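The chain contents come next:
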Amino acid sequence: MNHFLNKLERKVGRFAIPNLIVWLLAGYAIGFTLSYIAPSVLSYLTLEPYYVLHGQVWRIFTWVLMPPDSNLLFAVIMMMFYYQLGQSLERTWGIFRFNVYIFGGILFTTIGAFLLYGIFYAVYGVPVMGMGAFFSTNYINMTIFLAFAVCYPDMQVLLYFIVPIKMKWLAAVYAVLILFQMLETGWAGRVAILMSVLNFLVFYLSTRNYRRISPKEIHRRQAFKSQMRQPSPRSGITKHKCAICGRTEKDDPALEFRFCSKCEGNYEYCQDHLFTHQHIHRS
């Protein structure tokens, strides 16, 4: 995944939008303002595949303006909080990768809406309207929080401005809420939720270290432990000892010993195994 993103960044990275979180929150502010001064306009902004397919193509973009909540105080706190998270992620990943993450969430959500529309049409044989309620930016905001928690799991925040709690525990609560909502809702809601958080799932799975659980790596560690359990040919205090064969300078005064710079830890090898041993990685 990193290799693919690096190649993509070299080709189109110059088109990335700096401070994307600011533009996203500005859209919320516009939608929140419309909910007060012209609430009827919001019905023309939702993600409704039926209306998109009948000419209202602007809905593919305008649904991101829908405010996550109608409470003014909550909306202000939410925007301040996600501004800090978005800025931190952009500094951590870079402008291009943060753009990919956000637009990936928007794209997956849009695809999910049309996928769900197609499923309904295939099952019932008639076009379905009123699907905009299933799709919102609420879960995209949640994926921003989850990604930040993965990057900074031990960072503490003040819950309700009072209780200090680490990000990884809040992320665990968020994950449980998502699973609970998927169990509580129907299969249509499950499709909507899954597609909305798919960008986080792709990000999380692509950042895991699968090398340490590969069969080859497990076999290598077992072989190394077996070699280390073998008794050394001679006893007594020595200055050098090979981590593979156990030979020391007492076995052969002409033997040369060196530490390997690629192994994690203080492992010394004789001249016969310095370049032939398998490197040790703890992680």
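Residues numbered from 1 in each chain as written. Predicted model: local features only at pLDDT ≥ 70, side-chain atom pairs only at ≥ 80, totals over all residues. Heavy atoms only, no water.

Considering the packing of aromatic side chains
The geometry of an aromatic ring pair comes down to the distance between the two centres and the angle between the two planes. For the structure on display, the rule yields eight aromatic pairs. Judged by centre distance (5.1 Å) and plane angle (65°), the rings of W93 and Y101 are edge-to-face. Here W93 matches Y101 in class, with each residue buried. Through a chain of ring-to-ring contacts, the aromatic side chains of F81, Y82, F145 and Y174 assemble into a single cluster. (Phe/Tyr/Trp six-rings, centres within 6.5 Å; stacked < 30°, edge-to-face > 60°. Buried < 20%, exposed > 50% of the residue type's maximum accessible area, 1.4 Å probe, protein only.)

Quick word on the side chain of T143
Along the chain, the position of T143 falls in helix α7 (residues 138–151). Look at T143 and you get buried, because its relative accessible area is 0%. Ignoring sequence-local partners within four residues, the contact set of T143 consists of Y101, S196, V197, N199 and F200. (Helix = DSSP H or I, 4+ residues; strand = E, 2+ residues; numbered from the N terminus. Contact = heavy atoms within 4.5 Å.)

Section: unusual backbone geometry
Positive phi is not limited to glycine here, since N19 has a value of about 55°. Along the chain, N19 turns up in the loop between α1 (2–12) and α2 (20–37). On the basis of relative accessible area, N19 is assigned to the partly exposed category, the value being 34%.

A closer look at the side chain of E268
One can find E268 in strand β4 (residues 268–270). Here E268 sits buried without a salt bridge, and the closest side chain of opposite charge, R258, lies 7.0 Å off (N-O distance). A polar atom in the side chain of E268 sits 3.4 Å from the backbone nitrogen of K241. (Lys, Arg positive; Asp, Glu negative; His and termini not counted. Salt bridge = Lys/Arg side-chain N within 4 Å of Asp/Glu carboxyl O. Polar contact = N/O pair within 3.5 Å; in protein donor to acceptor, adjacent residues only side chain to side chain.)

Thoughts on the nonpolar core
Counting residues in hydrophobic clusters, the biggest one holds 47 residues, and the most contacted among them are I144 and F145. Residue assignment for this core shows that the elements contributing at least two residues are α2, α5 (72–93), α6 (95–124), α7, α8 (167–184), α9 (187–196) and α10 (198–206). Sorting elements by how many residues they give to this core places α7 first, with nine residues. With residues near it in sequence (within four places) discarded, I144 still touches I21, L24, Y82, L85, G86, L89, Y101 and I102. (Core = buried A, V, L, I, M, F, W, Y, C linked by side-chain atoms within 4.5 Å.)

In short, the description is geometric, and any link to function would need to be established separately.
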